Amino acid sequence: MGESDVLEAVYMADLKALLTRHGLVLSYEHDRAAIDTGLHLFLEGEGVRRTSQFRVWFQAKSKRAKTLPLEIYQAADSVEVRVKVDHIRFWAAAPEPVYLVVYVESAGEFIAEDVRDIVERQWPRGNFYSAIPLGQCEVSLRVATSKKLDEVRAVEMLQHRSMRIDGPAFRGRPLGHHYDPIRSQIACPASPAFERLIESLLAAHDFRVSERIDVAQDIGVFRGRLYETLSWQSPAFAEYGYGPDDDFRSEPSYETLHGKVFLIVDRAIGRKRLADAERAMIAELAEQHGEPDTSFAVIFNGCDLSGTGGLWRSALRDLGVHDSYAQVRQVGVEAVTFLLLVTTLVYLDFAPEIAWDHINYLYTG
């Protein structure tokens, strides 16, 4: 073995030892995929570690001490390595993140960056494919010296996501599942899970709260602004089947919320009544903040086509909110299901704890 072989054996052993604390180390039997090793990440927490749904991959390079002395490395913003163009294209297009790792012998440490981040920094606005001549075999990638691969960085890798894209698509979008968003329905979650789910869906659409008031133990009123449009089709109003002579199924209209919103979130499962004090407080708040450019919405932990939905329809009619607000929306668990199934990152987070009332699968032809 030459010196380079010995160095590679040493730093690969060190790299795998570092990664082993954070997941199951993966490797290819044959070195033909331009990837040295991978990591099936553990979920962080107390006690026994559980494997997550996320995997990341690593291609390792090294810089000898005589090539990159410690004083030069410490003064540098980045370390340059030569990489084959075909390999970069392969890594950048990979569905799971690929990190370019550099072992700096003089410092005895690893630095690492997601290849997509490097490519976007060096060739912004997608210019990599047009800027590199077809006949060019190698280019230089610069890995930032600030990106140390240590315990903290390994934990941060849990922010990556992996999803299936080989199933049927919805409106041309891969969703990471096979469920029909307008013909499926989750079961009503427990109040804490429902609250977290709604908070995640609203955060995904950049809802910024300016005021929160708890009307009751399971009812919260929020004033704020949706900076991105929240839009849904409610399975409550979808046609599930079709006749023997036609394959056409009617779909519900899109409903939206955007801009200023007065929002009620009812976390109780299948609410049957509102106390007089609760009605009075909601009425007072709704009257104070009614504006022609503000939308009013109630999101509740029950079906729109149920007694709970009827209760809220009656309450909103009695409150007269239709006369004071730009639009009024009811969002039951049918509509929440649609939002969950089309907001992929939220679905991936909540999938393990969701129970289903019924499921229909996307039509594949």
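What this report covers is the structure whose coordinates are included nearby. (Residues numbered from 1 in each chain as written. Predicted model: local features only at pLDDT ≥ 70, side-chain atom pairs only at ≥ 80, totals over all residues. Heavy atoms only, no water.)

Moving on: helix H8 (residues 276-289). Between the first and last C-alpha of H8 there are 20 Å, a value that for 14 residues agrees with the 20 Å anticipated at 1.5 Å per step. Listed in full, the buried residues belonging to H8 are Glu 278, Ile 282, Leu 285, Ala 286 and His 289. With its buried residues spanning 100 degrees around the axis, H8 presents them on a single face. Facing away from the buried side of H8 by more than 90 degrees, the exposed set consists of Asp 276, Ala 277 and Glu 287. In this structure, the buried residues of H8 make contact with strand S9 (207-216), strand S10 (219-232), strand S11 (255-266), strand S12 (295-300) and helix H9 (307-319). (Helix = DSSP H or I, 4+ residues; strand = E, 2+ residues; numbered from the N terminus. Expected span 1.5 Å × (residues − 1). Buried < 20%, exposed > 50% of the residue type's maximum accessible area, 1.4 Å probe, protein only. Arc of directions from axis to C-beta. Contact = heavy atoms within 4.5 Å.)

A packed helix pair is summarised by two numbers, namely the angle formed by the two axes and the spacing between the axes. Running from N to C, helix H7 (residues 191-204) and helix H10 (residues 333-342) point in directions that differ by 55 degrees, and their axes come no closer than 11 Å. As the angle between them shows, H7 and H10 are arranged oblique. Viewed along their axes, H7 and H10 form a crossing whose handedness is left-handed. In this structure, H7 contributes Phe 194, Leu 197, Ile 198 and Leu 201 to the contact, and H10 contributes Val 333, Val 336, Leu 339 and Leu 340. Taken together, the residues of the contact of H7 with H10 sort by class into eight nonpolar, no polar and no charged. (Axes fitted to C-alpha atoms, helices over the stretch in contact; angles between N-to-C directions. Parallel < 35°, antiparallel > 145°, perpendicular 65-115°, else oblique. Left-handed = near helix turned anticlockwise from the far one by under 90°. Nonpolar A, V, L, I, M, F, W, Y, C, P; charged D, E, K, R; others polar.)

For the rest of this paragraph, the subject is the sheet that holds strand S3 (residues 50-63). Read across the sheet, five strands follow the order S1-S2-S3-S5-S6 without closing on themselves; strand pairing throughout is mixed. Looking at the sheet topology across the chains shown, the edges are occupied by strand S1 (23-27) and strand S6 (109-114). Across the sheet, the mean angle separating the axes of adjacent strands is 30 degrees when strand polarity is ignored. In the packing of helix H1 (residues 3-20) onto the sheet, the strands contacted are S1, strand S2 (37-43), S3, strand S5 (98-104) and S6, and the crossing angle to S3 comes to about 155 degrees. The strands touched by helix H4 (residues 115-122) within the sheet are S5 and S6, with S6 carrying the most contacts at an inclination of about 70 degrees. (Pairing = 2+ DSSP bridges.)

Another aspect to go through is the side chain of Ser 295. Here Ser 295 shows up in strand S12. Within the structure, Ser 295 has its side chain in polar contact with the side chain of Gln 327 (distance 3.1 Å). For Ser 295, the contacting residues outside a window of four places in its chain are Leu 257, Lys 260, Val 261, Phe 262, Tyr 325 and Gln 327. (Polar contact = N/O pair within 3.5 Å; in protein donor to acceptor, adjacent residues only side chain to side chain.)

Let us look at the pattern of salt bridges. Taken as a whole, this structure holds 23 salt bridges when the rule is applied. Its salt-bridge partner being Glu 151, residue Arg 21 comes within 2.7 Å of it at the nearest N-O pair. With Arg 21 in the loop between H1 and S1 and Glu 151 in helix H6 (residues 151-156), this pair connects stretches of sequence that are 130 residues apart. Linking Asp 293 and Lys 260 is a salt bridge whose minimum nitrogen-to-oxygen distance equals 3.4 Å. Placement of the pair is Asp 293 in the loop between H8 and S12 and Lys 260 in strand S11, with a sequence separation of 33 residues. (Salt bridge = Lys/Arg side-chain N within 4 Å of Asp/Glu carboxyl O.)

Membership of the largest hydrophobic core comes to 35 residues, with the highest contact counts inside it found for Leu 197, Ile 198, Trp 232, Leu 263, Val 336 and Leu 340. If you list the elements that add at least two residues to this core, you get H7, S10, S11, S12, H10 and helix H11 (344-350). The dominant element in this core, judged by the number of residues it contributes, is H10, at eight residues. If sequence neighbours within four positions are ignored, Leu 340 has contacts with Ile 186, Leu 197, Leu 201, Val 346, Tyr 347, Phe 350 and Ile 354. Within the second largest apolar cluster, 26 residues are counted, among which are Ala 34, Trp 57, Val 81 and Val 139. (Core = buried A, V, L, I, M, F, W, Y, C linked by side-chain atoms within 4.5 Å.)

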